[in-house]
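# Inside the fold
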Amino acid sequence: ARSIMSLGVPILALVPESETKEIIQGSGSGVVVDPQDIDKIIATIVDLMSKPDRLSEFGTNGEKFAQTALEPDNIANQYIRLFKDNISKGCFGE
């Protein structure tokens with residue numbers, strides 16, 4: 001998803017419940033539709049084609065998200081914080 005988001009293009013993802021769905025929806029970079037719901041896919045495409053401003057907003061949101069949350073340094077820092085928090089809570093045992 002990072003490589004697509006970094007291009008600044010809107011995303012129409014045909015995926016079931018997944019982390020990908022959460023990232024796309026959370027970042028505001030596009031729309032997620034169940035791949036089995038053909039009517040919803042068609043309706044979503046028709047709707048999006050009539051809303052170029054919304055598509056542009058999705059692209060911009062994705063690009064911003066990729067430049068911040070998905071940068072390797074930010075991801076590494078998130079893991080470091082997670083480990084430090086868990087160590088301080090004694091989650092790893094002795």
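Up top is the structure these notes are about.
Summary of the structure given here. Everything quoted here is computed from the prediction, not taken from an experiment.

### Describing the pairing of strand β2 (residues 30-33)
As paired strands, strand β1 (residues 11-14) and β2 are joined by 4 bridges and run parallel to one another. Paired with L14 across the strands is V33, a residue of β2. Tracing the backbone out of β1, into helix α2 (residues 19-27) and back to the parallel element β2 gives a crossover that is right-handed.

### Concerning the packing of helix α3 (residues 38-49) against helix α4 (residues 52-68)
Two elements in contact, α3 and α4, have axes whose closest approach is 6 Å; the angle formed by their N-to-C orientations is 100°. The orientation of α3 with respect to α4, classified from their angle, is roughly perpendicular. Of the residues in α4, those touching α3 at D47, L48 and M49 are P52, R54, L55 and F58.

### With respect to α4
Its 17 residues place the ends of α4 25 Å apart at the C-alpha level, agreeing with the 24 Å of an ideal helix rising 1.5 Å per residue. For α4, every residue scored as buried is listed here: F58, G59, G62 and A66. Within α4, the buried residues cover an arc of 95° as seen down the axis, which keeps them to one side. Facing away from the buried side of α4 by over 90 degrees, the exposed positions are D53 and K64.

### Here we look at a nonpolar patch on the surface
Side chains of L12, L14, I45 and M49 sit close together on the surface and give an oily, nonpolar patch of about 370 Å² of accessible area. The set of elements that each furnish at least two residues to the nonpolar patch consists of β1 and α3. Mapped onto the fold, M49 is located in helix α3.

### A short note on the side chain of T44
Here T44 is to be found in helix α3. Dropping the residues within four chain positions of it, T44 is found in contact with L12, V31 and V33.

### Things to note about the nonpolar core
M5, I11, A13, I24, V32 and A66 together form the largest nonpolar core, which totals 6 residues. Grouped together as the second largest cluster of nonpolar side chains are 5 residues, V31, I41, L48 and F58 included.

Definitions and limits used
Residues numbered from 1 in each chain as written. Predicted model: local features only at pLDDT ≥ 70, side-chain atom pairs only at ≥ 80, totals over all residues. Heavy atoms only, no water. Pairing = 2+ DSSP bridges. Helix = DSSP H or I, 4+ residues; strand = E, 2+ residues; numbered from the N terminus. Right-handed = clockwise from strand over helix to strand, strands pointing away. Axes fitted to C-alpha atoms, helices over the stretch in contact; angles between N-to-C directions. Parallel < 35°, antiparallel > 145°, perpendicular 65-115°, else oblique. Contact = heavy atoms within 4.5 Å. Expected span 1.5 Å × (residues − 1). Buried < 20%, exposed > 50% of the residue type's maximum accessible area, 1.4 Å probe, protein only. Arc of directions from axis to C-beta. Patch = residues over 30% accessible without salt bridge, like charges linked within 9 Å, V, L, I, M, F, W, Y side chains within 5 Å. Areas by Shrake-Rupley, 256 points an atom, 1.4 Å probe, with all protein chains shown as cover. Salt bridge = Lys/Arg side-chain N within 4 Å of Asp/Glu carboxyl O. Core = buried A, V, L, I, M, F, W, Y, C linked by side-chain atoms within 4.5 Å.

Nothing here speaks to function; it is geometry throughout.
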